[in-house]
Amino acid sequence: MIYIVTASYTEGKVFIDHFKLEKLDNPSKFQVFNKDELFLIISGVGIVNSAIATTYLLTKYGWRSEDIALNIGICGAVKTQFSKGDLILCNKIINHNSKKAFYPDILINHSMKEAVLESFDFPVKKEHQEYVEGDIVDMEGAGFFEAVSSFLPPHNIHCIKTVYDFLEYDKIDPKDIANILRKNIPHIEDFMNSLLAFNEKYLKIQKEDEKLNEILQKLKENLHLTKSMENELKRILKGYLVRNKELPEEIAEFINIKVNSKKEGKEYFEKLKKILAL
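Quick caveat, the model's predicted, so the values are computed rather than measured.

## Structural notes on the UniProt feature "domain: Nucleoside phosphorylase" (unreviewed entry) in the chain
Link 1 in the chain: The residues that UniProt annotates with the feature "domain: Nucleoside phosphorylase" (unreviewed entry) are residues 34-102.
Link 2 in the chain: As annotated, residues 34-102 has a helix share of 22% and a strand share of 41%, and its two end C-alpha atoms lie 28 Å apart.

Structure (structure tokens):
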């Protein structure tokens, strides 16, 4: 599942149109849109609103550790190296009020720039610049990230921002917002697909590790392995899997047998090592 949180309907509509999302009959103050495995919620402006909407979305429609949550929207840029329309993946998110900092795990390649996002509870103007620690500013990211952190691992939580202005806060043009977000959709969609592919691989590795640990635990108990023998066997098992993709059928013999002495266990251990050396 992918969950997207946007502050405004203007920001959300770009993705509603692109992914052909349909509005759900939702008995709450939030507008929620969905198609297949994608949900989008309009949170409203502000750190607290973003946190509440995000928590509502994940608890209402269910969540799994492999789900992905994205906060997407516009931001103001403090640093001059950015240009209007730049798409930014935030590598650190700061809550200006609490001074808490959050760090997403960026484990995949992407085509975006990276920067530090700082979230305020008021629109940041140039006269506030001396108080800004981040490279870019918004009013939602920190609330979103802290809320999602209670549910999902950090490699599945990301804030993606598009530079709209340079702290020259004035009237916001909805058409302008839609245009710059729409241009960045290919990059955002590529990132989403890369996250899904990574999670599929990550889950497979997790399941393999769980299976390996179960086998290792049985072998430890059945063969009366010492701690050093257990660590050595774990290393050997992983090496065998890297070379052969799956464990040998002969390992069933060792999983089902129970030895009566340490000497007998050591003999079976040496025999197992020879099989795993292939």
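Here the narrative resumes, following the displayed structure.
## Things to note about the nonpolar core
Link 1 in the chain: Residues Ile-41, Leu-57, Ile-93, Ile-136 and Phe-144 are the most contacted members of the largest nonpolar core, which totals 31 residues.
Link 2 in the chain: Put simply, the parts of the chain that give this core at least two residues each are β1 (2-6), β4 (38-42), α2 (47-61), β5 (68-77), β6 (87-95), β8 (113-119), α3 (141-148) and β10 (157-165).
Link 3 in the chain: What Ile-93 contacts, discounting residues up to four positions off in sequence, is Lys-100, Ala-101, Phe-102, Pro-104, Leu-117, Ser-119, Gly-141, Ala-142, Phe-145 and Cys-159.

## Overview of the pairing of β1
Within a regular beta strand, the side chains point alternately toward one face of the sheet and then the other, so they alternate between its two faces.
Link 1 in the chain: Among the five residues of β1, five are classified as buried, and the element is accordingly described as predominantly covered.
Link 2 in the chain: The pairing of β1 with β4 spans five bridges and is classified as parallel. If you follow Ile-2 over to β4, its bridge partner there is Leu-38.
Link 3 in the chain: Sheet topology note: the β1/β5 ladder contains four bridges and is parallel. Paired with Tyr-3 across the bridge in β5 is Ala-69.

## Re α3
Link 1 in the chain: The element α3 is extensively covered by neighbouring structure, given that seven of its eight residues are classed as buried.
Link 2 in the chain: Within the span of α3, buried status applies to Gly-141, Ala-142, Gly-143, Phe-144, Phe-145, Ala-147 and Val-148.

## A closer look at the packing of aromatic side chains
Link 1 in the chain: Under the counting rule described, the total for this entry stands at eight aromatic pairs.
Link 2 in the chain: On the numbers, 6.1 Å between centres and 85 degrees between planes, the contact of Phe-254 with Tyr-268 is edge-to-face. A residue pair is termed long-range when its members are at least 10 positions apart, and Phe-254 in helix α6 (residues 251-256) and Tyr-268 in helix α7 (residues 262-276) qualify at 14 residues.
Link 3 in the chain: The class for Phe-254 is buried, based on a relative accessible area of 0%.
Link 4 in the chain: For Tyr-268, a relative accessible area of 19% corresponds to the buried category.
Link 5 in the chain: One aromatic cluster is present, built from ring pairs that chain together Tyr-3, Phe-39 and Tyr-61.

## Thoughts on the domain arrangement of the chain
Link 1 in the chain: Each assigned domain of the chain is listed here: domain 1 (2-201) and domain 2 (224-276).
Link 2 in the chain: Inter-centroid distance (C-alpha atoms) of domain 1 to domain 2 is 48 Å.

## Digging into unusual backbone geometry
Link 1 in the chain: A positive phi is found at Lys-20, a non-glycine position, where the angle reads about 55 degrees.
Link 2 in the chain: Unlike most non-glycine residues, Leu-167 shows phi in positive territory, near 65 degrees.
Link 3 in the chain: Following the sequence through the fold, Leu-167 ends up in the loop between β10 and α4 (174-223).

## Concerning the side chain of Thr-162
Link 1 in the chain: Inspection of the secondary structure assignment puts Thr-162 in strand β10.
Link 2 in the chain: Here Asn-184 takes part through its side chain, which lies 3.4 Å from a polar atom of the side chain of Thr-162.
Link 3 in the chain: Excluding residues within four positions of it along the chain, Thr-162 makes contact with Gly-73, Ile-74, Cys-75, Gly-85, Asp-86, Leu-87, Ile-180, Leu-181 and Asn-184.

## Some remarks on the pattern of salt bridges
Should their charged atoms come close, side chains of opposite charge can pair.
Link 1 in the chain: A complete count under the given rule lists 14 salt bridges for this structure.
Link 2 in the chain: Across the pair Lys-161 and Asp-138 runs a salt bridge, and its minimum N-O distance is 2.9 Å. Note that Lys-161 is positioned in strand β10 and Asp-138 in strand β9 (residues 136-138), a separation of 23 residues in sequence.
Link 3 in the chain: Three or more residues are tied together by salt bridges with common partners; here these are Glu-37, Arg-64, Glu-66 and Asp-67.

## Observations regarding α7
Link 1 in the chain: Taking 1.5 Å of rise per residue, 15 residues should cover 21 Å, and α7 covers 21 Å from first to last C-alpha, within 8% of that figure.
Link 2 in the chain: Among the residues of α7, Gly-265, Tyr-268, Phe-269, Leu-272, Ile-275 and Leu-276 are the ones counted as buried. Seen along its axis, α7 keeps its buried residues to an arc of 120 degrees; they face one direction. Those residues of α7 that are exposed and angled more than 90 degrees off the buried face are Lys-263, Lys-266 and Lys-274.

## As for the packing of α2 against α3
Link 1 in the chain: At their nearest, the axes of α2 and α3 sit 7 Å apart, and the two run at 35 degrees to each other. Crossing geometry of α2 relative to α3 is assigned as right-handed. Across from Ile-47, Ser-50, Ala-51, Thr-54, Thr-55 and Leu-58 in α2, the residues of α3 making contact are Gly-143, Phe-144, Ala-147 and Val-148.
Link 2 in the chain: Looking at the contact of α2 with α3 residue by residue, the class counts come to six nonpolar, four polar and no charged.

Procedures and definitions
- Residues numbered from 1 in each chain as written.
- Predicted model: local features only at pLDDT ≥ 70, side-chain atom pairs only at ≥ 80, totals over all residues.
- Heavy atoms only, no water.
- UniProt positions renumbered as here; feature names shortened; annotations may be inferred.
- Helix = DSSP H or I, 4+ residues; strand = E, 2+ residues; numbered from the N terminus.
- Core = buried A, V, L, I, M, F, W, Y, C linked by side-chain atoms within 4.5 Å.
- Buried < 20%, exposed > 50% of the residue type's maximum accessible area, 1.4 Å probe, protein only.
- Contact = heavy atoms within 4.5 Å.
- Pairing = 2+ DSSP bridges.
- Phe/Tyr/Trp six-rings, centres within 6.5 Å; stacked < 30°, edge-to-face > 60°.
- Domains from an automatic or database assignment.
- Polar contact = N/O pair within 3.5 Å; in protein donor to acceptor, adjacent residues only side chain to side chain.
- Salt bridge = Lys/Arg side-chain N within 4 Å of Asp/Glu carboxyl O.
- Expected span 1.5 Å × (residues − 1).
- Arc of directions from axis to C-beta.
- Axes fitted to C-alpha atoms, helices over the stretch in contact; angles between N-to-C directions.
- Left-handed = near helix turned anticlockwise from the far one by under 90°.
- Nonpolar A, V, L, I, M, F, W, Y, C, P; charged D, E, K, R; others polar.

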